[in-house]
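Architecture and fold: a report
As a plain string of letters, each chain reads:
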Amino acid sequence: MADHLRKYESLFTLTPQRMRMIVEAFTETLELGLNKPNQIVPMIPTYVFGWPTGQETGDFLALDLGGTNLRVCLVTLQGEGKFEISQTKYRLTEEQKQEDGQKLFDFCAECLHTFVETNTGEGAGQLKPGQSLPLGFTFSYPCSQERIDHGELIRWTKGFGAGNTEGRDVAEMFKKSLEKYQLPIKLTALINDTTGTLIASHYVNPKTKIAVIFGTGCNAAYMEHVKDIPKIEHLGIDPGAEMAINCEWGAFDSFEHEHLPRTKYDTIVDDTSNKPGEQAFEKLISGRYLGEILRLVICELIDEGVLFLGQNTYKLEKPYCFDTAFLSLMESDPTDELLMVIGIFTHFFALETTLAERQFFRALAKLIGRRAARLSACGIAAIVSKMGHLEEGCSVGADGSLYNKYPGFADRVHEGLQDIFGDKGRNIVTHHAEDGSGVGSAIIAAMTKHRKDAGLYLNV
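Described below are features of the structure shown in this document. (Residues numbered from 1 in each chain as written. Predicted model: local features only at pLDDT ≥ 70, side-chain atom pairs only at ≥ 80, totals over all residues. Heavy atoms only, no water.)

**Some remarks on the packing of aromatic side chains**
Keep this limit in mind: We call Phe, Tyr and Trp rings a pair once their centres come within 6.5 Å, taking the six-membered ring for Trp, and we label the pair stacked below 30 degrees between planes, edge-to-face above 60, and tilted otherwise. Per the convention used, a helix needs a DSSP run of H or I reaching at least four residues, while a strand needs a run of E reaching at least two, with both numbered from the N terminus. In this scheme, a residue with accessible area under 20% of its type's maximum is buried, one over 50% is exposed, and one in between is partly exposed, where area comes from a 1.4 Å probe on protein chains only.
Summed over all chains, the structure comprises 32 aromatic pairs. Judged by centre distance (5.9 Å) and plane angle (40°), the ring pair of phenylalanine 308 and phenylalanine 345 falls under tilted. One end of the pair, phenylalanine 308, is in the loop between helix 9 (290-303) and helix 10 (324-332); the other, phenylalanine 345, is in helix 11 (residues 339-349), with 37 residues separating them in the sequence. We note that phenylalanine 308, like phenylalanine 345, is buried.

Structure below.
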């Protein structure tokens, strides 16, 4: 197996030199997205102006339409960077993700209705009957926004495909659903979870300048100077102001495929995905795809007669049957015999493995996981370079299942940053972000209400 491993090592390894080239191309792509509308990496203005003061207070609702759950939160902001939260999750079925869009938003409103009824009462931390509430709606799919309470869905990602939704104003669709259930709720802000993560993390840790998500999807947000966003010049916003930008950087290098080191396995993942050519960066990094990349390598070796001779491998032939969580488990297996790896292959795929094969699978998982983390570092480095954060250093709020659960992911990102920047790379530190789609969404609703009450930039 050692010869085979060497082949994959050369395919999946990213040298510091190659990383610096990616960072350079990435930085140019970010600039382009700020200059012109409708670019591959759209650099979406969020109409979230500046940082929270930490003194925002009051009751706010947050609704988070995530990849697997719908979450409803009641957030009480207490000032001083403190808050209380109560929340309920509602499961989304695969059918709901694919059927009509208006039905999906009706379901969101129905869950809100249930949540508000359950949490209304006279007790502490409860809503007063009939209390009107500002709502932050976390809708983490690429939207073009002309105002903070409006958003036109550019495209579904993360396996969603609800009809009659792309190209339409999802805020308007959701408001319709709110009216249907007669809820005393005002949609104040439509935000992306990454923007929420940026604001929530800064609320709690003011050193935070950038937020990143490495989970089912991958994305970043940061605070930009309005003077450096030429495409919104016509809005007449003070050039000295600051605005959060939702990068939607999962689309970096899509279609052209000029900069990222794609292997033939990555190409297969892309060609067989529901959106070929799109989200090129995300497909090399996101937790949705890492297990599939490994499965494709294993299947190739089965076809070459290298693995599982004389065993029935049909269970491994199903696309996406190899979960990214298996890579985490294989990498963190503490036993000499690699018993976790035995467990995965016998339990899920009814396959016997030799120790040499198990060591090979684990090494392969490491290569794929390490590449994902190092590519992630390239994205962070591009924003750091663009904004000049390297000298004084900055904190990066990071969230998502890969960052939180994949062993060594954060360390590999840090190692990648040092490979790109040298010793100064140590100035860029990631930390576990605060809950962006709940707390962040509520803080943005609070900031927006405050801004509009003060009569600032009412057109956006």
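**Some words on the sheet that holds strand 11 (residues 242-246)**
Rule in force here: Any two strands with at least two DSSP-identified bridges between them are counted as paired. Axis lines are fitted to C-alpha atoms, over the contacting stretch for helices. Their N-to-C directions set the angle, which ranges from 0 to 180 degrees.
Taking strand neighbours across the sheet as the criterion, the six strands line up as 1-11-10-9-12-13 in an open arrangement whose pairing is mixed. Both outer strands of the open sheet, strand 1 (44-49) and strand 13 (428-432), are each paired with one neighbouring strand and no more. Across the sheet, the axes of successive neighbouring strands diverge by a mean angle of 30°, strand direction being ignored. As defined by bridge partners, strand 10 (residues 218-225) adjoins strand 11 across five bridges and the pair is classed as antiparallel. Note that in strand 11 the partner of tyrosine 222 across the bridge is isoleucine 245.

**A few points about the environment of serine 10**
The cut-off we apply is this: Throughout this description, a polar contact denotes any pair of N or O atoms lying within 3.5 Å of each other; where both atoms belong to protein, one of them has to be capable of donating a hydrogen while the other can accept it, and for residues adjacent in sequence the pair is counted only when both atoms sit in side chains.
Tracing the backbone through its elements, the reader meets serine 10 in helix 1 (residues 2-12). With a relative accessible area of 58%, serine 10 lands in the exposed category. In this structure, the C-alpha to C-alpha distance between serine 10 and leucine 367, residues 357 residues apart in sequence, is 9.7 Å. A polar contact is formed between the side chain of serine 10 and the backbone oxygen of lysine 7, at a distance of 2.8 Å.

**A closer look at the side chain of glutamate 331**
Heads up, the rule is: In what follows, residue pairs with any heavy atoms lying within 4.5 Å of each other are defined as contacts.
Checked against the element boundaries, glutamate 331 lands in helix 10. Leaving out residues up to four positions away in the same chain, glutamate 331 has contacts with Arg362, Ala365, Lys366, Gly369, Tyr406, Pro407 and Arg412.

**Remarks on the side chain of arginine 358**
Examined against the element boundaries, arginine 358 turns out to sit in helix 12 (residues 355-387). Judged by relative accessible area, arginine 358 falls into the buried class, the value being 5%. In terms of polar contacts, arginine 358 uses its side chain to reach the backbone carbonyl oxygen of glutamate 337, at 2.9 Å. Filtering out sequence-adjacent residues up to four positions away, arginine 358 remains in contact with Glu337, Leu338, Val341, Ile342 and Thr353.

**Concerning empty space enclosed by the protein**
What counts, and what does not: Here a cavity is any set of points on a 1 Å grid over the protein atoms alone where a 1.4 Å probe fits but cannot get out, and a pocket is any open set with protein on both sides within 12 Å along at least 5 of 7 lines; a residue lines the site when it has an atom within 4 Å of a point. Grid points are joined across faces, edges and corners, and a volume is the space filled by probe spheres set on the points. By the convention adopted, Pro, Cys, Tyr, Trp, Phe, Met, Ile, Leu, Val and Ala count as nonpolar, Lys, Arg, Asp and Glu as charged, and the other residues, Gly among them, as polar.
Enumeration over the complete set of coordinates arrives at two cavities of 30 Å³ or more. Of the voids in this model, the largest cavity is the one considered here, and its volume is about 120 Å³. Along the wall of the largest cavity there are 15 residues; nearest its centre are Thr157, Lys158, Asn274, Lys275 and Tyr289. Of the residues contributing to the lining of the largest cavity, the split by class is three nonpolar, five polar and seven charged. Within this model, the second largest cavity holds a volume of roughly 80 Å³. Taken together, Ile44, Thr46, Phe139, Tyr141, Cys143, Gln145, Leu190, Ile191, Asn192, Thr195 and Asn246 form the lining of the second largest cavity. Secondary-structure elements contributing two or more residues to the lining of the second largest cavity are strand 1 and strand 8 (185-191). Considered class by class, the residues forming the lining of the second largest cavity number six nonpolar, five polar and no charged.

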